[in-house]
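Chain and residue survey
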Amino acid sequence: QVQLVESGGGLVQAGDSLRLSCAASGRTFSRNAMGWFRQAPGKEREFVAAISWNGGRTLYGDFVKGRFTISRDNAKNTVYLQMNSLKPEDTAVYYCAADGAPYGLGTTATYYDHWGQGTQVTVSS
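Since this is a predicted model, take the numbers as computed values, not measurements.

**A word on the sheet that holds strand E8 (residues 78-83)**
The pairing of strands in a sheet happens through backbone hydrogen bonds and is either parallel or antiparallel. With respect to topology, four strands assemble into an open sheet ordered E1-E3-E8-E7, the strand pairing being antiparallel. The sheet terminates laterally at strand E1 (3-7) and strand E7 (68-73), the two strands that pair on one side only. Between one strand axis and the next, the sheet turns by 15° as a mean value, whatever way the strands run. Bridge count between E7 and E8: six bridges; the pairing is antiparallel. What sits directly across from Asp 73, in E8, is Thr 78.

Now the structure itself:
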């Protein structure tokens, strides 16, 4: 059974940093794109970042503007999201996602086949 488990969320102040982790189990995703999405109350799920199977390509949502960095460690079957200069509008549940097919890369929620349960990030002003 495939599981994606996010960790690293929490309550921080504006301007602080957080590093989210997503550990996969049940299969390896070393040949698969992985991504991060977020969803704030009353809003649709929003693309945050995605990384190709070998880390050679990364994509970011327009709002990121250089503040976030996605990375991965295939030996650990884990993807990370380093978030700097956090703003109150970054408050949301952050979800990790994995593509079931190899060697692709997508920015839409429907592209991804496997999802974690999410981790809450709250940024106070």
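**Details of the pairing of strand E4 (residues 32-39)**
On a regular strand, each side chain points to the face opposite its neighbour's, so the side chains alternate between the two faces of the sheet. Of all the eight residues making up E4, seven are buried; the element is thus mostly covered by neighbouring parts of the structure. Relative to strand E9 (residues 92-102), E4 is paired through seven bridges, and the arrangement is antiparallel. Across the sheet, residue Arg 38 finds its bridge partner in E9, namely Tyr 94. Alignment of E4 against strand E5 (residues 46-51), held across five bridges, turns out to be antiparallel. Bridging from a neighbouring strand, Met 34 pairs with Ile 51 of E5. Between the end of E4 and the start of E5, which pair antiparallel, lie six residues, with Gly 42 showing a positive phi angle near 80°.

**A few points about the pattern of salt bridges**
With the rule as written, the count across this model stands at three salt bridges. A salt bridge links Glu 46 to Arg 38, with the shortest nitrogen-to-oxygen separation between them at 2.8 Å. Overall, Glu 46 belongs to the partly exposed group, its relative accessible area being 33%. The residue Arg 67 makes a salt bridge to Asp 90 at a minimum N-O spacing of 2.7 Å.

**Description of the environment of Gly 116**
Along the polypeptide, Gly 116 turns up in the loop between strand E10 (114-115) and strand E11 (119-124). Each C-alpha atom of the pair Gly 116 and Lys 76 lies 16 Å from the other, and the pair is 40 residues apart in sequence. The residues contacting Gly 116, other than those within four sequence positions of it, are Leu 4, Glu 6, Tyr 95 and Cys 96.

**Quick look at the side chain of Asp 99**
Position of Asp 99 among the secondary structure elements: in strand E9. A polar atom in the side chain of Asp 99 sits 3.1 Å from the backbone nitrogen of Ala 101. Residues in contact with Asp 99, not counting those within four places in the same chain, are Phe 29, Asn 32, Ala 33, Gly 104, Tyr 111, Tyr 112 and Asp 113.

**Regarding the state of the cysteines**
According to the stated counting rule, one finds one disulfide in the structure shown. Here Cys 22 connects covalently by a disulfide to Cys 96, the sulfurs 2.1 Å from one another. The S-S bond linking Cys 22 to Cys 96 shows a torsion near -75°; that makes this disulfide left-handed. Within this pair, whereas Cys 22 is found in strand E3 (residues 18-25), its partner Cys 96 is found in strand E9, the two being separated by 74 residues in sequence.

**Quick look at unusual backbone geometry**
Even without being glycine, Asn 77 reaches a positive phi, approximately 55°. Structurally, Asn 77 can be placed in the loop between E7 and E8.

Scoring rules and cut-offs
- Residue positions are counted from 1 within each chain, in the order its sequence is given.
- In keeping with the predicted nature of the model, local features appear solely for residues at pLDDT of at least 70, side-chain atom pairs appear and are counted solely at 80 or more, and the whole-chain, interface and lining totals rest on all residues.
- Side-chain measures here rest on the full set of heavy atoms in the structure, leaving out hydrogens and waters.
- Any two strands with at least two DSSP-identified bridges between them are counted as paired.
- Only DSSP runs of H or I covering at least 4 residues are called helices, and only runs of E covering at least 2 are called strands; the numbering of each starts at the N terminus.
- Only the contacting stretch of a helix is used when fitting its axis, a line to C-alpha atoms as for every element, and angles between N-to-C directions run 0 to 180 degrees.
- Only protein chains enter the accessibility calculation, which uses a 1.4 Å probe; a residue whose area is less than 20% of its type maximum is buried, one above 50% is exposed, and one in between is partly exposed.
- Here, a salt bridge means any Lys or Arg side-chain nitrogen found within 4 Å of an Asp or Glu carboxyl oxygen.
- Residue contacts are defined here by distance: any two heavy atoms, one from each residue, within 4.5 Å place the two residues in contact.
- Polar contact is the term for a pair of N or O atoms within 3.5 Å; when the atoms are in protein, one must be able to donate a hydrogen and the other to accept it, and sequence-neighboring residues count only if both atoms are side-chain atoms.
- Disulfides are defined as cysteine sulfur pairs within 2.5 Å.

Just geometry here; none of it tells us what the structure is for.
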